[in-house]
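# Observations on the model geometry
The residues making up each chain are set out below.
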Amino acid sequence: RGNEIVFSKILFDKINILLKSDLYKSRLKSYEEKNINRFKGNDVYIFITSHGSPYYMSKNDPNYKKMLNPPRGGDINRIVKKLKEDLVPFGFPVDYTFHWNRAMFAQFCYRNLLKLYNNKKISYNDLEMILKKRMGHSSFDTTKRYITEIENYDEILNNQDLFENFTFDVEK
């Protein structure tokens, strides 16, 4: 099932910087040489390894079966491990998982939509429908689990800020 992906302006700007970089152009060239005649049109991935493969592909990706050696997440796991090692000295929790990002996103959206509901700008049914759609869920019950699983929201929000500042700091 297709989902609409919404990027923050900051992330959008950072991705544009990446797409214009010599590093990306070099990796894109490797990707195109490696996959010539295999993909049509704009079937190009943004996050490409130095050897010209996507860092990750879902098994549901229409191109997954076209790949000679589809990525299975090893590169992502190495990146996550390295990020955790680098961030722990700054107080980042050792048990952090990227699933927290999704839960944080749900919590952030919920709190902002709740303000609109409390100001009578949307109904609670609208709040549920908007949040369910943003999360890509078919049932609000699934979405509700995301917004109730975070007990220490402020602490996790601080950790999310640490992660984003460390990850997207272009001056480093």
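Residues numbered from 1 in each chain as written. Predicted model: local features only at pLDDT ≥ 70, side-chain atom pairs only at ≥ 80, totals over all residues. Heavy atoms only, no water.

On to the packing of helix α5 (residues 124-135) against helix α6 (residues 140-148). For the pair α5 and α6, interaxial distance at closest approach is 9 Å and the crossing angle is 85 degrees. When the axis of α5 is compared with that of α6, the two are roughly perpendicular. The segment α5 lies against α6, with Glu128, Leu131, Lys132 and Met135 engaging Phe140, Thr143, Tyr146 and Ile147. When its residues are assigned to classes, the contact of α5 with α6 shows 5 nonpolar, 1 polar and 2 charged. (Axes fitted to C-alpha atoms, helices over the stretch in contact; angles between N-to-C directions. Helix = DSSP H or I, 4+ residues; strand = E, 2+ residues; numbered from the N terminus. Parallel < 35°, antiparallel > 145°, perpendicular 65-115°, else oblique. Contact = heavy atoms within 4.5 Å. Nonpolar A, V, L, I, M, F, W, Y, C, P; charged D, E, K, R; others polar.)

This part covers the environment of valine 44. Tracing the chain through its elements places valine 44 in the loop between α2 (22-34) and α3 (74-87). Accessibility expressed as a relative area gives 34% for valine 44, which makes it partly exposed. If near-sequence neighbours (up to four positions away) are discounted, valine 44 is found in contact with Tyr24, Leu28 and Tyr31. (Buried < 20%, exposed > 50% of the residue type's maximum accessible area, 1.4 Å probe, protein only.)

Turning our attention to the nonpolar core. Ala103, Ala106, Cys109, Tyr110, Leu113, Ile122, Leu127, Leu131, Met135, Phe140, Tyr146 and Ile147 together form the largest nonpolar core, which totals 12 residues. Contributing elements (two or more residues each) for this core: α4 (99-118), α5 and α6. The greatest single-element share of this core, amounting to 5 residues, is contributed by α4. Ignoring anything within four residues of it in the chain, the contact list for tyrosine 146 reads His99, Arg102, Ala103, Ala106, Met135 and His137. Counting 8 residues, the second largest nonpolar core, distinct from the first, contains Tyr24, Leu28, Tyr31 and Met67. (Core = buried A, V, L, I, M, F, W, Y, C linked by side-chain atoms within 4.5 Å.)

Between helix α1 (residues 9-20) and α2, the least distance of the axes is 5 Å, while the angle of their chain directions is 65 degrees. Taken together, the residues of α2 that come into contact with α1 (itself represented by Leu18, Leu19 and Lys20) are Asp22, Tyr24 and Lys25. Considering only residue class, the contact of α1 with α2 consists of 3 nonpolar, no polar and 3 charged.

Turning our eyes to something else, we now look at α5. Taking 1.5 Å per residue, 12 residues should reach 16 Å; α5 reaches 17 Å between its end C-alpha atoms and fits that length. Looking at α5, one finds that the buried residues are Leu127, Leu131, Lys132 and Met135. An end-on view of α5 places all buried positions within 120 degrees of arc, on one side of the element. Summarising the contacts, the buried residues of α5 are in contact with α4 and α6. Taken from the residues just after α5, glycine 136 is the one with a positive phi, measuring 75 degrees. (Expected span 1.5 Å × (residues − 1). Arc of directions from axis to C-beta.)

Counted by the stated rule, this structure contains 4 salt bridges. Where aspartate 75 meets arginine 78, a salt bridge forms, and the shortest distance between an N and an O atom there is 2.7 Å. You can see aspartate 75 and its partner arginine 78 sitting in helix α3, 3 residues apart, about one turn around the helix. A residue is classified by how much of its surface remains accessible, and arginine 78, at 55% relative accessible area, is exposed. When the shortest N-O distance is used, the salt bridge between aspartate 141 and lysine 144 registers 3.9 Å. With a gap of 3 residues between them, aspartate 141 and lysine 144 both fall in helix α6, about one helical turn apart. The class for aspartate 141 is partly exposed, based on a relative accessible area of 47%. (Salt bridge = Lys/Arg side-chain N within 4 Å of Asp/Glu carboxyl O.)

Together, Ile5, Phe7 and Phe12 give the surface a local cluster of nonpolar side chains, amounting to about 340 Å² of exposed area. Classification of phenylalanine 12 by relative accessible area gives partly exposed; the value is 47%. (Patch = residues over 30% accessible without salt bridge, like charges linked within 9 Å, V, L, I, M, F, W, Y side chains within 5 Å. Areas by Shrake-Rupley, 256 points an atom, 1.4 Å probe, with all protein chains shown as cover.)

What follows deals with the packing of aromatic side chains. Taken as a whole and assessed by the stated rule, the structure comprises 2 aromatic pairs. Taking the centre distance of 6.1 Å and the plane angle of 75 degrees together, the rings of tyrosine 31 and tyrosine 45 count as edge-to-face. Of this pair, tyrosine 31 sits in helix α2 while tyrosine 45 sits in the loop between α2 and α3, placing them 14 residues apart in sequence. Residue tyrosine 31 shares its accessibility class with tyrosine 45, and that shared class is buried. Relative to tyrosine 124, the ring of tyrosine 117 has its centre 5.3 Å away and its plane inclined at 80 degrees; by these criteria the two rings are edge-to-face. (Phe/Tyr/Trp six-rings, centres within 6.5 Å; stacked < 30°, edge-to-face > 60°.)

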